[in-house]
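Structure at a glance
Take a look at the letters that make up each chain.
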Amino acid sequence: MICKEDKGYPALEILRAILSKLTKADSEVARGISIIEENNFKISDLELIAGNQARNQAKRIGITGAPGIGKSTFLNRLLLSQDFTGYKVAVIAIDPSSNITKGAVLGDRIRITESSIFETIYFRSMATRGAYGGLNASIEAVLYFLEKCGFTLIFVETVGVGQNEVKVAESVDVVIHIIDSNTGDDVQMEKAGLMEVSDIFFVNTRDGNLNSKFITILKSFASNSRMAPKVGPEVIVGSAISGEGFEELWNLLHRNQENSLQIENR
Amino acid sequence: MPKPIRVLIAKVGLDGHDRGAKIVSRTLRDAGFEVIYSGLHQTPRQIVRTAIQEDVSAIGISILSGSHLEHFQKVINEIREQGIERVLIFGGGVIPVKDVETLLDMGVQRIFTPGSSLDEIPIWLREKVSKVDN
């Protein structure tokens with residue numbers, strides 16, 4: 001929300017004041033995101049006011065997959081399974097806005113089981129506000145703003161998606177696709193869309209159910225894929241609840257690209 | 001079209017009953033609010049930190065455990081400590097009428113007890129938030 005103290009000041013001036021501070025409190029980061037969203041500011045607007053202050057090129061990790069597949073639980077495990085000392089971590093978690101009322105219930109925080117996580121990271125839930133593609137219309141400007149605020153590692157959790165929500169691939173460095181082992185046959189993998197832009201498939205074995213035939217098909221698809229986008233695509237079989245597969249996942253993320261993550265396994 | 005009002009709906013302490021919190025969340029969603037639902041067993045500190053990070057205009061707390069006096073006081077103390085007094089606080093749940101006055105004196109803006117109309121909550125909240133914002 002815009003505070004009373006902000007009344008009378010143009011939104012861009014408030015953002016300029018926030019950005020000019022050496023360290024930004026969570027409340028200022030939060031207010032900045034609201035201002036960007038409410039005014040539909042774009043990166044070009046922010047560039048005008050950001051001055052020559054350094055912008056970190058944050059490592060951006062996208063988490064996507066079907067509704068209820070375990071994206072938030074996966075994110076929780078991801079945050080618990082590493083020591084992020086030296087990183088400034090932010091999470092943007094997106095849930096859908098109603099097309100009818102514009103309202104939303106944003107429930108991604110409930111999977112964060114360790115309260116200490118909130119002491120060290122910035123976590124913001126956002127509604128899609130009419131945007132299609134799995135993200136929010138302001139996401140690019142918000143990520144730019146977070147980088148200007150000094151965040152160096154940003155996780156973006158999309159809404160629950162299907163085949164066609166591929167926007168996340170444009171906004172992040174690595175797309176982790178959480179997938180169930182009962183997600184169809186080999187023809188599903190020939191289809192364009194999300195399967196094409198996923199860098200890592202994390203097969204989340206919920207309730208211990210694992211369809212091994214699907215894993216074989218998925219691995220075969222991954223090894224034959226000529227897209228080879230950024231890393232992989234790679235297939236990891238694991239569990240967001242037990243933590244199985246996360247060591248392998250982090251090894252993969254470390255290996256990825258020259259600007260690899262310098263994070264120690266916990 | 002006005003921008004959606006953001007509101008946090010929270011459960012505090014050892015209280016596992018969240019049917020009411022979910023119904024209020026959906027009611028507010030249907031009235032066009034963006035509701036952050038933070039789940040069960042939150043501490044007062046977590047609730048206020050969430051409110052700050054999510055930049056909400058109001059915090060609604062559902063309590064059915066009987067420890068409403070203690071928990072509301074702790075949340076209000078934390079709100080003051082963090083300097084976010086502009087955030088409205090309201091509540092609901094199994095709260096005896098005799099305690100409502102005490103809670104209002106504490107700084108809680110409104111308590112919706114069992115039997116309250118669901119329609120009333122968004123109407124009241126929208127009006128209250130627009131007064132604070134102007």
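Up top you'll find the structure we're talking about.
On a predicted model such as this, the values are computed, not experimentally measured, just so you know.

Here we look at the sheet that holds strand β4 (residues 88-93) of chain B
- Pairing in this open sheet of 6 strands is parallel, and the strands run β4(A)-β2(B)-β1(B)-β3(B)-β4(B)-β5(B) from one edge to the other. In the strand order of this sheet, the two ends are held by β4 (104-106) of chain A together with β5 (110-112) of chain B, each with one partner. For this sheet the average axis-to-axis angle between neighbouring strands, irrespective of direction, equals 25°.
- Relative to strand β3 (residues 58-63) of chain B, strand β1 (residues 6-11) of chain B runs parallel, the two sharing 5 bridges. Its bridge partner being in β3 of chain B, Ile9 of chain B is matched across the sheet by Gly60 of chain B.
- Against the sheet, helix α1 (residues 19-30) of chain B touches β4 of chain A together with β1, β2 (34-37) and β3 of chain B, its axis set at about 170° to β1 of chain B.
- Those strands touched by helix α2 (residues 44-54) of chain B are β1, β2 and β3 of chain B, and its axis lies near 160° from that of β1 of chain B.

Things to note about helix α3 (residues 43-50) of chain A
Residue and element names in this part refer to chain A.
- Along α3, the residues that are buried comprise Leu46, Ile49 and Ala50. Projected down its long axis, α3 shows its buried positions confined to an angular sector of 100°, all on one face.
- On its buried face, α3 sits against α1 (11-20), α2 (26-39) and α6 (139-148).
- Once α3 ends, the next one or two residues include Gly51, with phi positive near 65°.

Re the pairing of β3 of chain B
All names here are of chain B.
- Judged by how many residues are buried, β3 sits mostly within the fold: 6 of 6 residues are covered.
- Along β3, one buried face is formed by Ala58, Gly60 and Ser62 and the opposite face, lined by Ile59, Ile61 and Ile63, is buried too.
- Bridge count for β3 against β4 is 6 bridges, and the pairing is parallel. Note that in β4 the partner of Ala58 across the bridge is Leu88.
- For the handedness criterion, the β-α-β arrangement of β3, helix α3 (residues 68-82) and β4 is classed as right-handed.

Thoughts on the packing of aromatic side chains
Residue and element names in this part refer to chain A.
- By the definition in use, this model includes 11 aromatic pairs over all chains.
- On the basis of an interplanar angle of 40° and a centroid distance of 5.1 Å, the ring pair of Phe74 and Phe246 is categorised as tilted. With Phe74 in helix α4 (residues 71-80) and Phe246 in helix α11 (residues 246-255), this pair connects stretches of sequence that are 172 residues apart. For the pair shown, Phe74 and Phe246 are each scored as buried.
- When the ring of Phe201 is compared with that of Phe221, the centres are 6.1 Å apart and the planes differ by 70°; the resulting orientation is edge-to-face. With Phe201 in strand β8 (residues 200-204) and Phe221 in helix α10 (residues 212-224), this residue pair connects regions lying 20 residues apart in the sequence. Accessibility assignment for this pair places Phe201 and Phe221 in one class, buried.
- We note Lys88 situated over the ring of Phe151; from NZ or CZ to the ring centre the distance is 4.4 Å.

Brief notes about the interface of chain A and chain B
- Counting residues at the interface gives 34 residues for chain A, matched by 31 residues for chain B.
- Surface buried jointly by chain A and chain B totals about 2800 Å² across both partners, of which 49% is contributed by carbon and sulfur atoms.
- Where chain A meets chain B, there are 4 salt bridges.
- Residue Arg109 of chain A is joined to Glu54 of chain B by a salt bridge in which the shortest nitrogen-to-oxygen separation is 2.6 Å.
- Put simply, chain A and chain B have 20 residue pairs in polar contact (both at pLDDT 80 or more) between them.

A look at the nonpolar core
Residue and element names in this part refer to chain A.
- Membership of the largest hydrophobic core comes to 39 residues, with the highest contact counts inside it found for Ile33, Phe145 and Leu146.
- Listing elements by their share of this core, those giving two or more residues are α1, α2, α3, β3 (89-95), β5 (122-127), α6, β6 (153-157) and α7 (168-171).
- When residues in this core are grouped by element, the largest group, 7 residues, is from α6.
- Core analysis: the second largest hydrophobic core is formed by 30 residues, Val89, Ile117, Ile178 and Phe202 among them.

Observations concerning the pattern of salt bridges
- Within the structure shown, the criterion is met by 21 salt bridges over all chains.
- With a closest N to O distance of 2.9 Å, Arg29 of chain B and Asp30 of chain B form a salt bridge.
- Its relative accessible area of 29% is what places Arg29 of chain B among the partly exposed residues.
- Connected via shared salt-bridge partners are Glu37, Arg109 and Arg129 of chain A together with Arg6, Glu34 and Glu54 of chain B.

A closer look at the sheet that holds strand β1 (residues 59-65) of chain A
Residue and element names in this part refer to chain A.
- One open sheet accounts for 7 strands, arranged β5-β3-β6-β1-β7-β8-β9; its pairing is parallel. Across the chains shown, the open sheet's two edge strands, defined by having one partner strand only, are β5 and β9 (234-238). Strand-to-strand twist of the sheet, defined as the mean angle between neighbouring strand axes without regard to direction, takes the value 20°.
- Bridging between β1 and strand β7 (residues 174-179) involves 5 bridges; their strand directions are parallel. Looking at the pairing, Gly62 lines up with Val175 of β7.
- Packed on one face of the sheet, α11 meets β1, β6, β7, β8 and β9 and runs near 155° to β9.

Quick look at helix α4 (residues 97-106) of chain B
All names here are of chain B.
- Among the residues of α4, Asp99, Val100, Leu103 and Met106 are the ones counted as buried. Down the axis of α4, the sector holding all buried residues measures 120°, keeping them to one side. In α4, the exposed residues that point more than 90 degrees away from the buried face are Val97, Lys98, Glu101 and Asp105.
- Residues of α4 that are buried sit in contact with α3 and β5.
- At the C-terminal side of α4, Gly107 shows a positive phi close to 125°.

What counts and what doesn't
- Residues numbered from 1 in each chain as written.
- Chains lettered and ligands numbered in written order.
- Predicted model: local features only at pLDDT ≥ 70, side-chain atom pairs only at ≥ 80, totals over all residues.
- Heavy atoms only, no water.
- Pairing = 2+ DSSP bridges.
- Helix = DSSP H or I, 4+ residues; strand = E, 2+ residues; numbered from the N terminus.
- Axes fitted to C-alpha atoms, helices over the stretch in contact; angles between N-to-C directions.
- Contact = heavy atoms within 4.5 Å.
- Buried < 20%, exposed > 50% of the residue type's maximum accessible area, 1.4 Å probe, protein only.
- Arc of directions from axis to C-beta.
- Right-handed = clockwise from strand over helix to strand, strands pointing away.
- Phe/Tyr/Trp six-rings, centres within 6.5 Å; stacked < 30°, edge-to-face > 60°.
- Lys NZ or Arg CZ within 6 Å of the ring centre and 35° of its normal.
- Buried area = accessible area lost by both parts, 1.4 Å probe.
- Salt bridge = Lys/Arg side-chain N within 4 Å of Asp/Glu carboxyl O.
- Polar contact = N/O pair within 3.5 Å; in protein donor to acceptor, adjacent residues only side chain to side chain.
- Core = buried A, V, L, I, M, F, W, Y, C linked by side-chain atoms within 4.5 Å.

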